[in-house]
Amino acid sequence: MAESKVLIGVIGGSGLYHLDNLKFIRSVEVDTPWGKPSSPISISTLPNGTEIAFISRHGAHHTITPTEVNGRANIAALKHLGVQAIVAFSAVGSLREEIAPGHFVIPDQIIDRTKGIRADTFFRGDGVVVHSMFGDPFSNKLNKFVAPRVADILANSGVKVHTGKTVVCMEGPAFSTRAESLMYRQWGGDIINMSVIPEAKLAREAEIDYTLICTATDYDAWRVGEAPVTVEEVVKTLHTNAGNSRAVAAGILEEVALHVASGELDEIKGSMRFACITRAESQSAEAKKKYSFILPYFE
Ligand SMILES: CSC[C@H]1O[C@H](OP(=O)(O)O)[C@H](O)[C@@H]1O
Ligand SMILES: Nc1ncnc2[nH]cnc12
């Protein structure tokens, strides 16, 4: 793994294709055993010199569908650069009246409604069987650290920040039917996107602490008497939301990096040590080499 001072990765979603309020330093092309990331990784610095690695989830020009995002390459590339914590951003639909378009949400649970067509694990096809722990799919410590800071930054703009919510991840690309949207509410879903799975699972497998900062763009399809969500509606709020997300990134990342560097926010590191049920002597040399790209136990 690369010796690096890039401890923090940022994944930008719809509307957030660059962090142009940070100082751009260089662009890095990383090839991983799982292919190339969605975009070249741009390294920028914060005023104190902290380096941040940024990937645009759907590509710099939004050419990659949610289903086709190569989550494995994105996460592996960040880990290979030395990233220990990811702050990801996502545009979401709201399944609750109180979460209005423009509001921020930092969820702590996920309901997976993807259709099994995304590569959602690093460990498939190589004869190495690994079961990661995913009961708490986000890093609780990182969530707790980030939430009040995001709220502080947005306080003056009147943007509300919600925590303790559940995100439903659907396959897409079509939005939900009204019946599905109503069902997700009954299941306890609060917001909906098409991105958090497999990103959160892969971050866990790569032992990267992961938090998702969501920005609501619409009320999906559950509201009786209101038109269901369209891309036009989503795009209306994307610009404002992206501006707020950039302000949030610039405002929190220095502190996040300091606390990640001190080990204070560590929650996931070491969690994969005993997650592999296949004994080392039964693993092929090729598989070990491949996995050592993201995890030291395979070296
Ligand atoms: C453009 S609406 C649907 C699209 O927006 C969200 O993208 P991201 O999570 O990358 O911000 C959602 O997950 C869908 O992919
Ligand atoms: N209503 C919605 N459903 C799924 N993903 C979304 N991203 C933004 N709005 C969404």
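Scroll up a little and you will see the structure.
Here goes a summary of the coordinates provided. (Residues numbered from 1 in each chain as written. Chains lettered and ligands numbered in written order. Predicted model: local features only at pLDDT ≥ 70, side-chain atom pairs only at ≥ 80, totals over all residues. Heavy atoms only, no water.)

**Details of the site of ligand 1**
Stated formally: The criterion for a residue being near a molecule or strand is simple. One of its heavy atoms has to lie within 4 Å of it. Definition of a polar contact: a pair of N or O atoms within 3.5 Å, with one able to donate and the other able to accept a hydrogen when the atoms are protein atoms, and with sequence-neighbouring residues admitted only if both atoms are side-chain atoms. Each accessible area is a Shrake-Rupley result for a 1.4 Å probe, and residues are judged covered by the shown protein chains and nothing else. In this classification, the charged set is Asp, Glu, Lys and Arg, the nonpolar set is Ala, Val, Leu, Ile, Met, Phe, Trp, Tyr, Cys and Pro, and all remaining amino acids, among them Gly, are polar.
Around ligand 1, the neighbouring residues are Gly13, Ser14, Arg57, His58, Pro66, Ser90, Ala91, Phe175, Asn193, Met194, Ser195 and Val234. Note that an oxygen atom of ligand 1 is positioned 2.8 Å from one of the backbone N or O atoms of Ser14. Contact distances for ligand 1 include 2.7 Å between an oxygen atom and a backbone N or O atom of Met194. The fraction of the free accessible surface of ligand 1 (380 Å²) that becomes covered by protein chains is 90%. Of the residues belonging to the shell around ligand 1, the class tally is five nonpolar, six polar and one charged.

**With respect to the environment of Ser176**
Here is the rule we go by: By the criteria applied, helices consist of DSSP H or I runs no shorter than four residues and strands consist of E runs no shorter than two, each listed in order from the N terminus. Here, two residues are considered to be in contact whenever any of their heavy atoms come within 4.5 Å of each other.
By the element assignment, Ser176 lies in the loop between strand E7 (161–170) and helix H3 (178–187). Distance from Ser176 to Ile192, taken between C-alpha atoms, is 9.4 Å for residues 16 residues apart in sequence. If we ignore the near neighbours within four places in the chain, the residues touching Ser176 are Met170, Ser181, Tyr184, Ile192, Asp220 and Ala221.

**Examining the site of ligand 2**
Around ligand 2 sit Ala91, Val92, Gly93, Met170, Phe175, Ile192, Asn193, Met194, Thr217, Asp218, Asp220 and Val229, and those are all the residues in its vicinity. Contact between ligand 2 and Ala91: a nitrogen atom at 3.0 Å from a main-chain N or O atom of the residue. Measuring from a nitrogen atom of ligand 2, one finds a side-chain N or O atom of Thr217 at 3.4 Å. In the complex, 94% of the free accessible area of ligand 2, which totals 270 Å², lies under the protein chains. Of all elements in the fold, only strand E5 (85–94), strand E8 (191–193) and strand E9 (209–218) reach the threshold of two or more residues within the shell around ligand 2. By residue number, the principal contributor to the shell around ligand 2 is E5, which donates three residues. Class assignment for the residues of the shell around ligand 2 results in seven nonpolar, three polar and two charged.

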